Amino acid sequence: MADDRVRRLTDFIEPLRVEPGSTVRLKDDFDPGYRAGLRKKQDGVELLRAGVELLADYQRRLAAQDTFGVLVCLQGLDAGGKDGTIRHVMSGLNPQGVHVAGFKVPSAEELDHDYLWRYVRRLPARGEIGIFNRSHYEEVLVVRVHPENLTRQKLPAEARGPEVWERRYREINDWERHLTDNGFRIVKLFLNLSREEQRIRFLKRIDVPERNWKFSPADVRERAHWDAYQEAFSQMLSATSTPWAPWYVIPADHKWFARACAAAVLVRTLWDIDPQYPEVGAATKRELAEVRLELERQAPEGAEPDPYAGKAGRSGNGKKTRKGRKSGRAGGGSA
């Protein structure tokens, strides 16, 4: 049953994947209003619900196995829906195993280090899902559209030439390859918003009092650089969608559809990892049996000694995984 849902979600997101080595022209190749043939918001809500349920199961196994970690990188223009995506997609997960890091203007301390330093410090640990709300890709997006930031980063003059962007693409690809080689999967989601939908969302922030706090005049000023951002996004997607960390371009004009897509990509990644509950050894099993007998002896008169006995095989611990193992058996996906 779980496999069927994963396959449906996988088919759903395949058109959104940026093929490694391809050249992307964002305005021509990806439609911000795409809905995969879904006509009703409820269809997307149901897909999101299925994704969240699967994520909750995978997260428990990911934490128990304590071998792999997952880093989710969310990129997009202002009003693209990054915060809402995090809130809805991660709604069913244990907050102890999910960590969100937002990256604003670099601090003085951060500017005294290399450009990847502040991102390295916020990486997830094994067994965790980390989310970068904006990520290291800001260094080839905002910094590229506003190259004066290279001066603020205190780079030597010879390191600020035109080749800086190709060098950063290579360095980012190498860093992500290093992470994946060490058991950390990277999910890269670009929320692709149309110019008109962004305008409407900005107006909503102005017109609805409860949303006034989200409005920033700086966000509107950035609209003057729309074409430059589209070009920077296109070059980023072309240069950094790799076999080990591909990009997914998420159509963001319909929030419900974007959230379902984001959940589907994350589910597909965890399905690939296929984390498993660790198998306990013989000594631990003997100890558990002894403790069970002691707890059964402590049952009050008339109470069932072990009300859970016989049910464990029907719980999550007894479900078969897609590889034919029991989820109580040890094992894991490839790095």
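Residues numbered from 1 in each chain as written. Predicted model: local features only at pLDDT ≥ 70, side-chain atom pairs only at ≥ 80, totals over all residues. Heavy atoms only, no water.

**Observations regarding the nonpolar core**
Counting 48 residues, the largest nonpolar core has Phe 12, Val 70, Val 72, Leu 189, Ile 250, Leu 266 and Leu 270 as the members making the most contacts within it. Listed by contribution, the elements that provide at least two residues to this core are helix 1 (2–13), helix 3 (41–65), strand 1 (69–76), helix 4 (82–89), strand 3 (129–133), strand 4 (184–192), strand 5 (247–251) and helix 13 (255–273). Examining the composition of this core, we find that 14 residues originate from one element, helix 13, more than from any other. The residues contacting Phe 12, other than those within four sequence positions of it, are Ala 36, Leu 38, Leu 47, Phe 257, Ala 260, Cys 261 and Ala 264. Counting 39 residues, the second-largest nonpolar core is a separate cluster that includes Val 24, Val 140, Val 143 and Ala 245. (Core = buried A, V, L, I, M, F, W, Y, C linked by side-chain atoms within 4.5 Å. Buried < 20%, exposed > 50% of the residue type's maximum accessible area, 1.4 Å probe, protein only. Helix = DSSP H or I, 4+ residues; strand = E, 2+ residues; numbered from the N terminus. Contact = heavy atoms within 4.5 Å.)

**Some thoughts on the packing of helix 3 against helix 13**
Two elements in contact, helix 3 and helix 13, have axes separated by 8 Å at closest approach and are oriented at 30°. Taken together, the axes of helix 3 and helix 13 are roughly parallel relative to one another. The two elements helix 3 and helix 13 meet at a crossing, and its hand is left-handed. Two secondary-structure elements touch here, helix 3 through Lys 41, Gly 44, Leu 47, Leu 48, Gly 51, Leu 54, Leu 55, Tyr 58 and Leu 62 and helix 13 through Trp 256, Arg 259, Ala 260, Ala 263, Leu 266, Val 267, Leu 270 and Trp 271. (Axes fitted to C-alpha atoms, helices over the stretch in contact; angles between N-to-C directions. Parallel < 35°, antiparallel > 145°, perpendicular 65-115°, else oblique. Left-handed = near helix turned anticlockwise from the far one by under 90°.)

**A look at the sheet that holds strand 1**
One open sheet accounts for 5 strands, arranged 2-3-1-4-5; its pairing is parallel. Both edges of this open sheet fall to strand 2 (98–102) and strand 5, since each of them pairs with a single strand only. In this sheet, adjacent strand axes meet at a mean angle of 20° when their direction is disregarded. Relative to strand 3, strand 2 runs parallel, the two being bridged by 5 bridges. The partner of His 99 across the bridge, within strand 3, is Gly 130. Docked against the sheet, helix 4 engages strand 1, strand 2, strand 3 and strand 4, running at close to 145° with respect to strand 1. (Pairing = 2+ DSSP bridges.)

**A short note on the pattern of salt bridges**
Taken as a whole and assessed by the stated rule, the structure comprises 21 salt bridges. Salt-bridge contacts for Arg 17 lead to Glu 19; the nearest nitrogen and oxygen are separated by 3.2 Å. According to the relative accessible area criterion, Glu 19 is partly exposed, its value standing at 49%. Between Arg 168 and Glu 139 there is a salt bridge, with the nearest N and O atoms lying 3.7 Å from each other. With Arg 168 in helix 9 (residues 164–181) and Glu 139 in the loop between strand 3 and helix 7 (142–145), this pair connects stretches of sequence that are 29 residues apart. We classify Arg 168 as buried; its relative accessible area is 1%. We classify Glu 139 as buried; its relative accessible area is 4%. (Salt bridge = Lys/Arg side-chain N within 4 Å of Asp/Glu carboxyl O.)

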